[in-house]
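Residues per chain are reported as follows:
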Amino acid sequence: MSFFENTRKPIGLGGKIMVAMMNLGHSPVARWGLYFLELAPDAKVLDCGCGGGANIKRLLKKCPEGIVKGIDYSPVSVEKSKKVNETAIVEGRCAVLQGSVADMMFVDNWFDAVTAFETVYFWPDLPQCFREVYRVLKPGGTLLICNESNGDTDKDEKWTEIIGGMTIYKDAELKTYLEQAGFHDVQIHKKKSWLCITAWK
Ligand SMILES: C[S@@+](CC[C@H](N)C(=O)[O-])C[C@H]1O[C@@H](n2cnc3c(N)ncnc32)[C@H](O)[C@@H]1O
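For clarity, every value in this text was computed on a predicted model and none was experimentally measured. (Residues numbered from 1 in each chain as written. Predicted model: local features only at pLDDT ≥ 70, side-chain atom pairs only at ≥ 80, totals over all residues. Heavy atoms only, no water.)

### Observations regarding the sheet that holds strand β3 (residues 94–98)
Thought 1: Spatial ordering of the open sheet is given by β3-β2-β1-β4-β5-β7-β6, a layout of seven strands whose pairing is mixed. This sheet does not close on itself; its edge strands, each paired only once, are β3 and β6 (184–191). Strand-to-strand, the axes of this sheet are offset by a mean angle of 15 degrees, without reference to chain direction.
Thought 2: For β6 and strand β7 (residues 194–200), the ladder comprises six bridges, and the chain directions are antiparallel. Along β7, the bridge assignment pairs K191 with W194.
Thought 3: Contacts between helix α6 (residues 126–136) and the sheet are confined to β1 (44–48), β4 (111–117) and β5 (137–147), with β5 contributing the most and set at about 135 degrees to the helix. (Pairing = 2+ DSSP bridges. Helix = DSSP H or I, 4+ residues; strand = E, 2+ residues; numbered from the N terminus. Axes fitted to C-alpha atoms, helices over the stretch in contact; angles between N-to-C directions. Contact = heavy atoms within 4.5 Å.)

In C-alpha cells, the structure reads:
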C-alpha cells in the first residue's frame with residue numbers, strides 16, 4: 001500500500017502522519033470553501049470524512065454556540081479529530097464518531113449544515129451517500145462540498161493513478177448526483193483547480 005492510499009482511509013503510522021499533514025495541507029482550500037457556508041451562531045453541523053479534525057475546529061469557531069459532529073470510517077482519523085477538538089468535546093459541543101457516510105447513525109432532519117472537505121472522491125456509492133446526507137439535513141439545510149481537484153485538468157490523473165478507489169468528479173457530475181438525491185439550488189464555485197459546491201435541502 002502506498003503512503004498516499006492513506007488519503008482514502010488513514011491507517012497505522014502512515015495514516016497518523018497523513019492526517020496531521022492533511023490538517024495543514026488542506027487548510028487553504030478549506031478556508032476558501034468555508035467562505036461560502038453561512039451558519040447561525042447556534043447551528044448544528046456535521047463534517048463528513050472529517051480526517052484530522054481541523055475543519056471541525058474551524059466550524060466550532062464559526063458557530064460558537066452551536067454543535068459540530070464529525071464522522072469518519074477510519075479509527076486513525078477519529079482519534080486525531082478527537083484530540084484536536086478535545087476541549088469542545090468536554091464542553092459537550094462536539095462529538096466524533098466512527099462510521100461510513102453511506103449509512104449514518106444520525107436521526108433524520110437534525111443538522112443545519114453538512115460539510116465534506118476532500119472526501120467525496122472516496123465515497124463508495126455516491127448517490128446513496130448523498131441520500132444519507134439529505135436525510136440527516138433539516139429542510140432548508142445546506143450541504144457544502146469542497147475539493148482541491150475539480151476534474152478539469154490532466155494533473156488530476158496523477159492522483160487517481162496512485163490512489164486506488166479515488167474518483168475525481170467534475171462539477172456537472174456532482175450537480176447531477178445531488179439533484180437526483182433531492183437537493184436544489186446547486187451552486188458551483190471555482191478557483192484555480194479548486195471546486196466548492198453548495199446545495200440545499
Ligand atoms: C483526504 S481525507 C480528508 C480529511 C479532511 N476532511 C480534510 O479535508 O483534511 C478523506 C477522509 O475521508 C474519510 N472517508 C472516506 N470515505 C469515507 C466514507 N465513505 N465514510 C466515512 N469517512 C470516509 C477518510 O477516512 C479520510 O479521513
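### Concerning the nonpolar core
Thought 1: With 29 residues, the main nonpolar core has W123 and V133 as its most contacted residues.
Thought 2: Of all the secondary-structure elements, those providing two or more residues to this core are β1, β4, α6, β5, α8 (171–181) and β7.
Thought 3: The dominant element in this core, judged by the number of residues it contributes, is α6, at five residues.
Thought 4: Every residue in contact with W123, bar those within four places of it in the chain, is listed here: C48, V101, A116, C129, F130, V133 and Y169.
Thought 5: Judged by nonpolar contacts, the second largest core, of 24 residues, contains L37, L39, V96 and A113. (Core = buried A, V, L, I, M, F, W, Y, C linked by side-chain atoms within 4.5 Å. Buried < 20%, exposed > 50% of the residue type's maximum accessible area, 1.4 Å probe, protein only.)

### Looking at the pairing of β7
Regular strands have side chains that alternate between both faces of the sheet.
Thought 1: Counting buried positions over the seven residues of β7 gives six, a clear majority of the element.
Thought 2: Sheet topology places β5 next to β7; six bridges connect them, and they run antiparallel. Across the sheet, residue L144 finds its bridge partner in β7, namely T198.
Thought 3: Hairpin connection from β6 to β7: two residues lie between these consecutive antiparallel strands, with K192 at a positive phi of about 50 degrees.

### Description of the packing of helix α2 (residues 27–34) against helix α3 (residues 54–62)
Thought 1: Two elements in contact, α2 and α3, have axes separated by 11 Å at closest approach and are oriented at 30 degrees. Put simply, α2 runs roughly parallel to α3. In this structure, α2 meets α3 at a crossing whose hand is right-handed. Taken together, the residues of α3 that come into contact with α2 (itself represented by S27, A30, R31 and L34) are N55, R58, L59 and K62.
Thought 2: Considered class by class, the residues forming the contact of α2 with α3 number three nonpolar, two polar and three charged. (Parallel < 35°, antiparallel > 145°, perpendicular 65-115°, else oblique. Left-handed = near helix turned anticlockwise from the far one by under 90°. Nonpolar A, V, L, I, M, F, W, Y, C, P; charged D, E, K, R; others polar.)

So yeah, pure geometry; function would need other evidence.
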